[in-house]
Amino acid sequence: MTDGISARYLVDSYREWAGRQGVPITEGVAVDLHVVETAPWARLGGGARAGFVELRGRGDFVGLHVIDIPPGCATDWVRHLYDEILYVLSGHGSASIRVGDRETHSFEWGPRALFSPPLNSPYRLFNVSGAEPVRLVSANDLPFLFNVFRNENFLFDNPFAFPERVGRNGYFAGEGDFLPIRPGKHMWETNFVPDLGSLSLPEWEARGAGSRNIKIILSDSSMHAHSSEMPVGAYKKGHRHGPGAHVFAVTGSGYTLMWNEGDADFERHEWRHGFVFAPPDGMFHQHFNTGPEPARYLAVSMGSHRYPVLTHKVKIKQAPDASVQEGGSQINYEDQDPRIHAIWLRELAGSGVPSRMGKYFDEERIREAAS
Ligand SMILES: [Fe+2]
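Notes on the structure follow. For clarity, every value in this text was computed on a predicted model and none was experimentally measured.

About the cut-offs
Going along each chain's sequence as written, the residues are numbered from 1 onward. Only residues with pLDDT of at least 70 get local features here, since the model is predicted, and only at 80 or more are side-chain atom pairs given and counted; chain-wide, interface and lining totals rely on the full set of residues. In computing side-chain properties, one takes all heavy atoms of the structure into account and sets aside hydrogens as well as water. Secondary structure counts use DSSP, requiring at least four H or I residues in a row for a helix and at least two E residues in a row for a strand, with both numbered from the N terminus. Each residue is placed in one exposure class: buried if its accessible area under a 1.4 Å probe, protein chains only, is under 20% of its type's maximum, exposed if it is over 50%, and partly exposed if it falls in between. Residue contacts follow a heavy-atom distance rule, with two residues in contact if any of their heavy atoms lie within 4.5 Å. We count Lys and Arg on the positive side and Asp and Glu on the negative side, and we leave His and both chain ends out. Here the site of a charge means NZ on Lys, CZ on Arg, CG on Asp, or CD on Glu. In these notes, a set of buried Ala, Val, Leu, Ile, Met, Phe, Trp, Tyr and Cys residues joined through side-chain atoms within 4.5 Å is what counts as a nonpolar core. Donor criterion used throughout: N, O or S atom within 2.8 Å of the metal, extended to 3.2 Å for Na, K and Ca. Water excluded; incomplete-looking sites may result. Each salt bridge in this description consists of a side-chain nitrogen of Lys or Arg and a carboxyl oxygen of Asp or Glu lying within 4 Å of one another.

### Examining the overall build of the chain
A count of helices and strands for the chain gives six helices and 24 strands. Judged by the C-alpha coordinates and their principal axes, the chain covers about 65 × 60 × 40 Å. Within the chain, the fraction of its 371 residues that count as buried is 56%. Across the chain, every contact between residues at least 6 apart in sequence was considered, and the portion connecting residues at least 24 apart equals 71%. In the chain, 37 positive and 45 negative side-chain charges are present, and the distance between their average locations comes to 2 Å.

In structure tokens, the structure reads:
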């Protein structure tokens with residue numbers, strides 16, 4: 001008996017809050033963010049619209065908010081006690097970010113820009129075009145923080161300042177610091193990447209043929225971001241990890257295979273700029289570039305290389321390219337299901353793109369066996 005008191009049980013406070021925002025919530029495995037539905041979101045003001053996206057593999061920490069700013073419009077000043085990484089899908093705009101009592105940093109951005117207002121810094125987003133709409137996506141840790149604090153005013157109307165998160169002025173102008181560690185661990189520290197498509201990525205061959213990668217520390221956040229690239233005619237090695245890694249295609253086009261250990265078949269998702277997907281918990285996944293240009297993506301999750309937060313992140317970041325046999329999470333080329341390379345060769349046949357995987361595979365023999 002509850003004696004008239006409703007039994008609150010298995011409550012997801014973030015979902016309840018999201019449901020009250022009056023904006024559509026899109027669910028999916030892989031989603032094209034260019035076509036996600038939005039509706040006016042009072043919290044941003046200024047005619048801005050939003051739509052939330054919840055992916056099957058989202059995990060417990062990260063949420064996605066698609067944000068539209070109509071031509072010539074701007075959001076109100078907003079601030080919040082959660083970290084967010086903003087990635088520009090289309091359109092051109094500017095951001096003003098207030099740090100301290102007086103200083104405001106402003107910078108302009110366009111498609112494929114990436115930036116992060118330092119924690120709880122007031123900011124406004126402007127569409128600088130009179131004709132073209134702007135669409136961005138915010139990847140943030142609000143789902144986790146809302147479920148902890150459950151108080152909207154505390155999270156969105158809180159004057160506490162975090163000057164230690166701000167970084168140097170150049171970080172708001174697109175400058176950054178390259179922090180070398182070793183391939184697969186090198187970091188780029190900044191608050192703003194003007195064009196993720198042209199950020200310099202160091203080599204990480206152990207992750208795949210011609211693979212390149214950099215970890216991005218944005219506004220000294222504990223949210224992780226990295227960008228990886230596959231050259232033309234190549235694909236990465238398969239691997240697996242916990243949920244919550246949201247993968248955004250940035251340049252090029254291709255497909256990703258996902259499977260659970262022992263599955264008879266692969267699940268397949270196509271992508272190009274605007275698509276996002278999140279490999280579910282423990283599911284192997286492998287990315288393939290099938291297009292005529294290098295394919296680059298952005299991945300965002302909870303727990304950075306500087307502040308991993310989660311113990312399983314520490315383990316995977318210590319040895320990110322360790323094989324399954326070594327107790328790691330990566331499937332090296334010589335150990336992968338032979339069907340994977342046969343599918344790859346079929347994809348490339350007729351596309352005009354030559355495979356550059358011959359260094360790792362006897363492709364003649366694989367073609368003969370398939371014919
Ligand atoms: Fe992954």
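### Considerations on the nonpolar core
Of all hydrophobic cores here, the largest spans 37 residues; its most connected members are W17, F52, F107, W109, F115, L136 and L142. Sequence-distant contacts of F115, that is, excluding residues within four places in its chain, are made with E84, I85, L86, V88, A95, F107, W109, L125, L136, N191 and F192. Among the nonpolar cores identified, the runner-up in size contains 30 residues, and V62, L196, M223 and V300 belong to it.

### Observations regarding the coordination of the iron ion
Protein ligation of the iron ion involves H239 (NE2), H241 (NE2) and H285 (NE2), the donor distances falling in the range 2.1 to 2.2 Å. Its relative accessible area of 13% is what places H239 among the buried residues.

### Structural notes on the pattern of salt bridges
On inspection of all chains with the given rule, the structure shows 21 salt bridges. A salt bridge links R135 to D68, with the nearest nitrogen and oxygen atoms 2.7 Å apart. Of this pair, R135 sits in strand β11 (residues 134-140) while D68 sits in strand β5 (residues 63-69); the two residues are 67 residues apart in sequence, bridging distant segments of the chain. With respect to class, R135 is no different from D68; both count as buried. E270 is the salt-bridge partner of R268, the closest N and O atoms lying 2.5 Å from each other. The class for R268 is partly exposed, based on a relative accessible area of 33%.

### Quick word on helix α5 (residues 338-348)
Of all the residues in α5, the buried ones are I340, H341, A342, I343, W344, L345 and L348. Those residues of α5 hidden inside the fold are in contact with β19 (253-259), β20 (267-272), β22 (284-289) and α6 (363-370). Remark: G350 follows α5 within two positions and exhibits a positive phi of approximately 90°.

### Concerning unusual backbone geometry
Positive phi values are uncommon outside glycine, yet R150 reaches one of about 55°. Here R150 lies in the loop between α2 (142-149) and α3 (152-156). Residue R150 is classed as exposed on the basis of its relative accessible area, which comes to 56%. Of note, the phi angle at D220 is positive, near 50°, even though the residue is not glycine. Note that D220 resides in the loop between β15 (212-218) and β16 (223-230). You can call D220 buried: its relative accessible area is 16%.

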